[in-house]
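This is what each chain is made of:
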Amino acid sequence: MSPLVKYLPKLVYWLAALLLGGLMLIVAGIAGAYIYLQPSLPSVEAMRRIELQVPLRVYSRDGKLIAQIGEQRRIPVTYDEVPEMVRQAFIAAEDDQFFQHSGFDYPGIARSLLVNVVPGRRLQGASTITQQTARNLFLTQDRTWRRKGQEMFLTYRIEREFTKQEILGLYLNVISFGKRTYGV
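Residues numbered from 1 in each chain as written. Predicted model: local features only at pLDDT ≥ 70, side-chain atom pairs only at ≥ 80, totals over all residues. Heavy atoms only, no water.

Enquirer: I keep staring at the packing of helix 3 (residues 84-94) against helix 7 (residues 164-174) and nothing clicks. Help me out?
Expert: The angle between the axes and the distance between the axes are what describe a pair of packed helices. Look at helix 3 against helix 7: their axes get within 11 Å of each other, and the N-to-C directions meet at 85°. The angle between the axes of helix 3 and helix 7 places the two elements in the roughly perpendicular class. In this structure, helix 3 uses R87, F90, I91 and E94 to contact helix 7, whose residues at the interface are L168, Y171 and L172. Tallied by class, the residues present in the contact of helix 3 with helix 7 amount to five nonpolar, no polar and two charged. (Axes fitted to C-alpha atoms, helices over the stretch in contact; angles between N-to-C directions. Helix = DSSP H or I, 4+ residues; strand = E, 2+ residues; numbered from the N terminus. Parallel < 35°, antiparallel > 145°, perpendicular 65-115°, else oblique. Contact = heavy atoms within 4.5 Å. Nonpolar A, V, L, I, M, F, W, Y, C, P; charged D, E, K, R; others polar.)

Enquirer: What is the right way to look at the side chain of S127 in this model?
Expert: Mapped onto the elements of the fold, S127 is located in the loop between helix 4 (106-117) and helix 5 (129-138). For S127, the side chain forms a polar contact with the side chain of R135, separated by 3.4 Å. The contact partners of S127, leaving out residues within four places of it in the chain, are E94, Q132, R135, K148 and E151. (Polar contact = N/O pair within 3.5 Å; in protein donor to acceptor, adjacent residues only side chain to side chain.)

Enquirer: Help me understand the nonpolar core, please; the structure alone is not making it clear to me.
Expert: Generally speaking, soluble globular proteins have nonpolar side chains that are buried together. In terms of nonpolar packing, the biggest core is built from 21 residues, with I129, L154, I158, L168 and Y171 touching the most fellow members. Counting residues per element, the ones that place at least two in this core are helix 3, helix 5, helix 6 (145-161) and helix 7. Sort the elements by how many residues they give to this core and helix 7 lands first, with five residues. (Core = buried A, V, L, I, M, F, W, Y, C linked by side-chain atoms within 4.5 Å. Buried < 20%, exposed > 50% of the residue type's maximum accessible area, 1.4 Å probe, protein only.)

Enquirer: So what exactly am I meant to see when it comes to the packing of helix 5 against helix 6 here?
Expert: Two elements in contact, helix 5 and helix 6, have axes whose closest approach is 9 Å; the angle formed by their N-to-C orientations is 110°. Here helix 6 runs roughly perpendicular to helix 5, going by the angle between their axes. Both helix 5 and helix 6 take part in a crossing whose hand is right-handed. Contacts between helix 5 and helix 6 involve T130, Q131, A134, R135 and F138 from the first element and R147, K148, E151, L154, T155, I158 and E159 from the second. Residue composition of the contact of helix 5 with helix 6, grouped by class: four nonpolar, three polar and five charged. (Left-handed = near helix turned anticlockwise from the far one by under 90°.)

Enquirer: Looking at this structure, I do not really get helix 3. What am I missing?
Expert: Think of an α-helix as 3.6 residues a turn; residues three or four steps apart then line up on the same face. For helix 3, every residue scored as buried is listed here: R87, F90 and I91. Viewed end-on, helix 3 has its buried residues packed into an arc of 100°, placing them on one side of the element. Turned more than 90 degrees away from the buried face of helix 3, the exposed residues are M85, A92 and A93. Considering only its buried residues, helix 3 is in contact with helix 5, helix 7 and strand 3 (176-178). (Arc of directions from axis to C-beta.)

Enquirer: What exactly am I supposed to notice about the pairing of strand 1 (residues 56-59) here?
Expert: Bridge analysis of strand 1 against strand 2 (residues 65-69) gives four bridges, and the strand direction is antiparallel. Opposite L56, over in strand 2, you have I69 as the bridge partner. Counting the residues that bridge the hairpin from strand 1 to strand 2 gives five residues, and of these G63 lies at a positive phi of roughly 90°. (Pairing = 2+ DSSP bridges.)

Enquirer: Teacher, can you tell me more about the pattern of salt bridges here?
Expert: Charged atoms that come close allow side chains of opposite charge to pair. Within this structure, the stated rule accounts for seven salt bridges. Among the ionic pairs, R48 bridges to E166, the shortest N-O distance being 3.7 Å. In this pair, R48 sits in helix 2 (residues 44-48) while E166 sits in helix 7, placing the two residues 118 residues apart along the sequence. Assessed through its relative accessible area of 43%, R48 is described here as partly exposed. Overlapping salt bridges bring together R135, R147, K148 and E151 as one network. (Salt bridge = Lys/Arg side-chain N within 4 Å of Asp/Glu carboxyl O.)

Enquirer: Would you take a moment to explain the side chain of E159 for this structure?
Expert: Topologically, E159 is positioned in helix 6. The exposure class assigned to E159 is buried, which follows from its relative accessible area of 17%. Aside from chain neighbours lying at most four places away, what touches E159 is H101, S102, G103, T130, K164 and I167.

See the structure below:
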């Protein structure tokens, strides 16, 4: 009997134990992060009561718009008010698997990790439309691990509580186009 065959059951046992231990550490880490970050996340009720900031509009006596005062220029629209072609264009440009995934694009995350590790290459993101919506509505643009954790848990909550059409509608109302202009 070869020495490898003799020790194979023990080797399999220890590999399985290491794998299970690693998996338990990951689960404990995620649970601990959730317990730590949960108080800073908005409640489901708060997410449902979203009021988008719109500018104060000043009209002349004859009904013509003469000024908009405010930090953000926005006219909220519903999902159904946005033309299908515009919705499809945003999905194609930002998150072509939007209707198939559960809030996270795992192949995109893996690709982003690989590309961002190579020095000298342009950084790539892997945020889905749901993640961008969470960040733009409830979080800051800070590039910190804390904000990324909040975004992860908030994305999961949004995917559970909203339909894909509601998420896309929110996204289309909060996306920044620059020069204080938000939404389609």
